[in-house]
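Listed below are the residues making up each chain.
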Amino acid sequence: QVQLVESGGGLVQVGDSLRLSCAASGRTFSNYAMGWFRQAPGKEREFVAAVNLSGSRTTYTDSVKGRFTISRDNGKNTLYLQMNSLKPEDTAIYYCAAALVWSTTLLMSRSTSYNSWGQGTQVTVSS
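Q: Just to check I follow, could you spell out the overall build of the chain for this structure?
A: Counting its regular elements, the chain contains zero helices and 11 strands. Starting at the N terminus and walking to the C terminus, you meet the elements of the chain as β-β-β-β-β-β-β-β-β-β-β. For the chain, whose C-alpha radius of gyration is 13 Å, the value lies close to the compact-globule estimate of 14 Å for 127 residues. Its C-alpha atoms give the chain principal-axis dimensions of about 40 × 25 × 25 Å. A burial count over the chain gives 43% of its 127 residues as buried. Sequence-distant contacts in the chain: of pairs separated by 6 or more residues, those separated by 24 or more amount to 59%.

Structure, rendered in structure tokens:
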């Protein structure tokens, strides 16, 4: 069992940057693969990025490649999502999630692979 709390969201303009954080507590953070998902009103939950236990392997959805960077600091029990060149279509509630193990990049892009979820943080990009 791990508890996750997201922070860092807000209202920004097109082209701005934000850095989201996900603080973990409970069981050992370094034992979990981690992911970021997002969901806009009326839309399906969408995979954004994932990182393995050590931080050496990452995967991204095509729409954020080159703009977003997922990383983790196991010493601080914290997951990050650096978001650059933000677009209106990035507007959503962003959730971090934890999985017990890394399987394949395909499976880690599916929400059913994750065991624990945070409460979400709102990101709004104004045009």
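Additional details are given in the paragraphs that follow.
Q: Mind showing me how you'd approach the state of the cysteines here?
A: Where two cysteines share a covalent bond between their sulfur atoms, that bond is called a disulfide. Taken as a whole and assessed by the stated rule, the structure comprises one disulfide. Across a sulfur-sulfur distance of 2.0 Å, C22 and C96 are joined as a disulfide pair. Its S-S torsion of approximately 55 degrees makes the covalent link between C22 and C96 right-handed. Here the residue C22 occupies a position in strand β3 (residues 18-26), and C96 occupies one in strand β9 (residues 92-99), the gap between them amounting to 74 residues. The residues C22 and C96 share a single accessibility class, namely buried.

Q: What am I meant to see in the layout of surface pockets here?
A: In this approach the atoms are scanned with a rolling probe the size of a water molecule, which exposes any empty space left behind. Estimates place the volume of the largest pocket at around 160 Å³. Around the largest pocket, the lining is made up of 13 residues, and of these R38, K43, E46, E89 and D90 lie nearest the centre.

Q: Honestly, the sheet that holds strand β1 (residues 2-7) in this entry has me stumped. Any pointers?
A: The strands making up a sheet are joined through hydrogen bonds of the backbone, oriented either antiparallel or parallel. Here four strands make up an open sheet; going across it, the order is β1-β3-β8-β7 and the pairing antiparallel. The sheet terminates laterally at β1 and β7 (68-73), the two strands that pair on one side only. Neighbouring strand axes in the sheet, compared pairwise and without regard to direction, differ in orientation by 15 degrees on average. Bridge count for β7 against strand β8 (residues 78-83) is six bridges, and the pairing is antiparallel. Across the sheet, the residue bridging to S71 is Y80, located in β8.

Q: Got a minute to help me understand the environment of M83 in this structure?
A: Structurally, M83 is set in strand β8. The spatial distance from the C-alpha of M83 to the C-alpha of L20 is 7.9 Å, given a sequence separation of 63 residues. Aside from chain neighbours lying at most four places away, what touches M83 is D16, S17, L18, L20, R67, F68, Y94 and V123.

Q: I'm lost on the pattern of salt bridges in this one. Help?
A: A side chain with one charge can pair with a side chain of the opposite charge if their charged atoms come near. Per the counting criterion, the structure on display carries four salt bridges. A salt bridge links E46 to R38, with the nearest nitrogen and oxygen atoms 2.9 Å apart. In this structure E46 comes out as partly exposed when scored by relative accessible area, which is 31%. On the basis of relative accessible area, R38 is assigned to the buried category, the value being 5%. Salt-bridge contacts for D90 lead to R67; the nearest nitrogen and oxygen are separated by 2.8 Å. Note that D90 is positioned in the loop between β8 and β9 and R67 in the loop between β6 (58-60) and β7, a separation of 23 residues in sequence. Judged on exposure class, the residue D90 and its partner R67 are both buried. Through salt bridges with shared partners, a single ionic network connects R38, E46, R67 and D90.

About the criteria used
Residues numbered from 1 in each chain as written. Predicted model: local features only at pLDDT ≥ 70, side-chain atom pairs only at ≥ 80, totals over all residues. Heavy atoms only, no water. Helix = DSSP H or I, 4+ residues; strand = E, 2+ residues; numbered from the N terminus. Rg over C-alpha atoms; globule rule 2.2 N^0.38 Å. Buried < 20%, exposed > 50% of the residue type's maximum accessible area, 1.4 Å probe, protein only. Contact = heavy atoms within 4.5 Å. Disulfide = S-S within 2.5 Å. 1 Å grid on protein atoms, 1.4 Å probe; cavity = no way out; pocket = protein on both sides within 12 Å on 5 of 7 lines; lining within 4 Å. Points joined across faces, edges and corners; volume = space filled by probe spheres on them. Pairing = 2+ DSSP bridges. Axes fitted to C-alpha atoms, helices over the stretch in contact; angles between N-to-C directions. Salt bridge = Lys/Arg side-chain N within 4 Å of Asp/Glu carboxyl O.

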